[in-house]
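Coordinate analysis (summary)
In case you want the letters, here they are:
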Amino acid sequence: MTGQTPTIETVMTTAPVIPVVTVTDAETAVPLAAALVRGGLPVIEITLRTPAGIEAIRRISREVPDAIVGAGTVLNARDVVAAREAGAAFGVSPGLTSALIAALADHGDDGGRRWPFLPGIATASEAMAAMEAGYDRVKLFPATVTGGTALIKALSAPFPQLRFCPTGGITAETAGSFLNLPAVACVGGSWLTPKDAVEAGDWQRVEDLARTAAALA
Ligand code: 3PG
């Protein structure tokens, strides 16, 4: 999505699923993102776990105008700066540290508007730390092993203002049970871009997986 910064609300509600994509070859980034967009999943998280991640974000932000591409696995100030410089419209982290909060304050400002960011939480204390830092839209990570839908229901009692993007271990089969919860705005997952499909350039399969996921809305 060139030229405009989405709100965190837009990031979380444009589609029911945010594909979490780890790119090993930046050449695959544009056709992969285009397939996800065609399938109805325009909000895409590219993780910074591989050296190709930043270049993938740069290419998608320039060449796939209908995509809203963000950076995942944002761990520190260096990641915040690199992701924003590459054109990431939002950021996602598996957790939240005081150093990351400071980095977001120092480098995450866009003319007075904060870079849309989903910090990761897994406990009540982490939820409180995120809210203290001004974040009430969070990633629950790793969603399945930390307690899944039961944990979200439990955290929603003391923290009704929280909205979740659970991620980690979610599949096409289990996504619906998360999306049924009022506190869940969207889910994240890597099942949309299977390694073998990406390696084979099977963009039709990626598009079909995206279309099925988009229909979960
Ligand atoms: C993440 O980065 O959020 C997770 O690794 C994605 O989890 P999944 O591969 O279990 O979907």
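Our subject in this report is the structure included herewith. (Residues numbered from 1 in each chain as written. Predicted model: local features only at pLDDT ≥ 70, side-chain atom pairs only at ≥ 80, totals over all residues. Heavy atoms only, no water.)

**Section: the packing of aromatic side chains**
- One pass over the full model with this rule turns up two aromatic pairs.
- The interplanar angle of 40 degrees and the centroid separation of 5.8 Å between the aromatic rings of Trp 115 and Phe 117 together place this pair among those described as tilted. The exposure classification of Trp 115 matches that of Phe 117, with both residues buried.
- Here Phe 117 and Tyr 135 contribute two aromatic rings whose centre-to-centre distance is 6.1 Å and whose plane-to-plane angle is 65 degrees, an arrangement assigned as edge-to-face. Of the two residues, Phe 117 sits in strand β7 (residues 117-118) while Tyr 135 sits in the loop between α6 (124-132) and β9 (137-140), which places them 18 residues apart along the sequence.
- Taken together through their ring pairs, the aromatic side chains of Trp 115, Phe 117 and Tyr 135 make up a single cluster.
- One Lys or Arg, Arg 114, reaches over the ring of Tyr 135 and ends 4.0 Å from the middle of that ring.
- Directly above the ring of Phe 141 sits Lys 139, whose terminal nitrogen or CZ lies 4.7 Å from the centroid. (Phe/Tyr/Trp six-rings, centres within 6.5 Å; stacked < 30°, edge-to-face > 60°. Buried < 20%, exposed > 50% of the residue type's maximum accessible area, 1.4 Å probe, protein only. Helix = DSSP H or I, 4+ residues; strand = E, 2+ residues; numbered from the N terminus. Lys NZ or Arg CZ within 6 Å of the ring centre and 35° of its normal.)

**Description of the sheet that holds β9**
- One open sheet holds the three strands; their spatial order is β8-β9-β10, and the pairing between them is parallel. Two strands in the sheet have a free side with no partner beyond their single neighbour: β8 (120-121) and β10 (163-166).
- Of the pairings in the sheet, the one linking β8 to β9 comprises two bridges and is parallel in character. When the sheet's bridge partners are listed, Ile 121 is paired in β9 with Leu 140. (Pairing = 2+ DSSP bridges.)

**Topic: the nonpolar core**
- The biggest cluster of nonpolar side chains holds 63 residues, and the ones touching the most others in it are Ile 46, Phe 164 and Val 187.
- At six residues, helix α2 (residues 29-39) tops the list of elements feeding residues into this core.
- In this structure Val 187 touches Pro 16, Val 17, Ile 18, Cys 165, Pro 166, Ile 170, Ala 175, Phe 178 and Leu 179, once residues within four positions along its chain are discounted.
- If you look at the next biggest cluster of nonpolar residues, it comprises twelve residues, including Val 11, Phe 90, Leu 118 and Cys 165. (Core = buried A, V, L, I, M, F, W, Y, C linked by side-chain atoms within 4.5 Å. Contact = heavy atoms within 4.5 Å.)

**Side note on the pattern of salt bridges**
- What the rule picks out here adds up to eleven salt bridges.
- Put simply, Glu 27 and Arg 59 hold a salt bridge, and the shortest N to O gap is 3.3 Å. Here the residue Glu 27 occupies a position in the loop between β1 (17-21) and α2, and Arg 59 occupies one in helix α3 (residues 53-63), the gap between them amounting to 32 residues.
- Residue classification places Glu 27 among the exposed residues on the basis of a relative accessible area of 53%. (Salt bridge = Lys/Arg side-chain N within 4 Å of Asp/Glu carboxyl O.)

**Comments concerning the pairing of strand β3 (residues 68-72)**
- Burial within β3 is extensive, with five of its five residues counted as buried.
- The two faces of β3 match: Ile 68, Gly 70 and Gly 72 on one face and Val 69 and Ala 71 on the other face are all buried.
- Judged from the five bridges that link them, strand β2 (residues 43-47) and β3 form a sheet pairing that is parallel. By the bridge assignment for β3, Thr 47 is matched with Gly 72.

**So, the side chain of Arg 58**
- Structurally, Arg 58 is set in helix α3.
- Residue Arg 58 is classed as buried on the basis of its relative accessible area of 18%.
- Ignoring any residue separated from it by four or fewer positions in sequence, one finds Arg 58 in contact with Glu 85 and Ala 86.

**A few points about the packing of helix α4 (residues 77-86) against helix α5 (residues 98-107)**
- The contact between α4 and α5 brings their axes to 8 Å, and the two run at 35 degrees. Seen from above, α4 lies across α5 with right-handed handedness. Residues Ala 77, Val 80, Val 81 and Arg 84 of α4 touch α5, and the partners they reach there are Leu 100, Ala 103, Leu 104 and His 107.
- Of the residues contributing to the contact of α4 with α5, the split by class is six nonpolar, one polar and one charged. (Axes fitted to C-alpha atoms, helices over the stretch in contact; angles between N-to-C directions. Left-handed = near helix turned anticlockwise from the far one by under 90°. Nonpolar A, V, L, I, M, F, W, Y, C, P; charged D, E, K, R; others polar.)

**Concerning the side chain of Ser 93**
- Looking at where Ser 93 falls in the secondary structure, it is placed in the loop between β4 (91-92) and α5.
- Separated by 2.9 Å, the side chain of Ser 93 and the backbone oxygen of Gly 95 make a polar contact.
- In this structure, Ser 93 is in contact with Val 74, Leu 75, Leu 100, Phe 117, Leu 118, Pro 119, Gly 120 and Lys 139, ignoring residues within four places of it in sequence. (Polar contact = N/O pair within 3.5 Å; in protein donor to acceptor, adjacent residues only side chain to side chain.)

**Here's the deal with the environment of Pro 182**
- Here Pro 182 is to be found in the loop between α9 (175-179) and β11 (187-189).
- Looking at Pro 182, the relative accessible area reads 75%, which means it is exposed.
- Distance from Pro 182 to Thr 73, taken between C-alpha atoms, is 26 Å for residues 109 residues apart in sequence.

The analysis is restricted to geometry; functional conclusions fall outside its scope.
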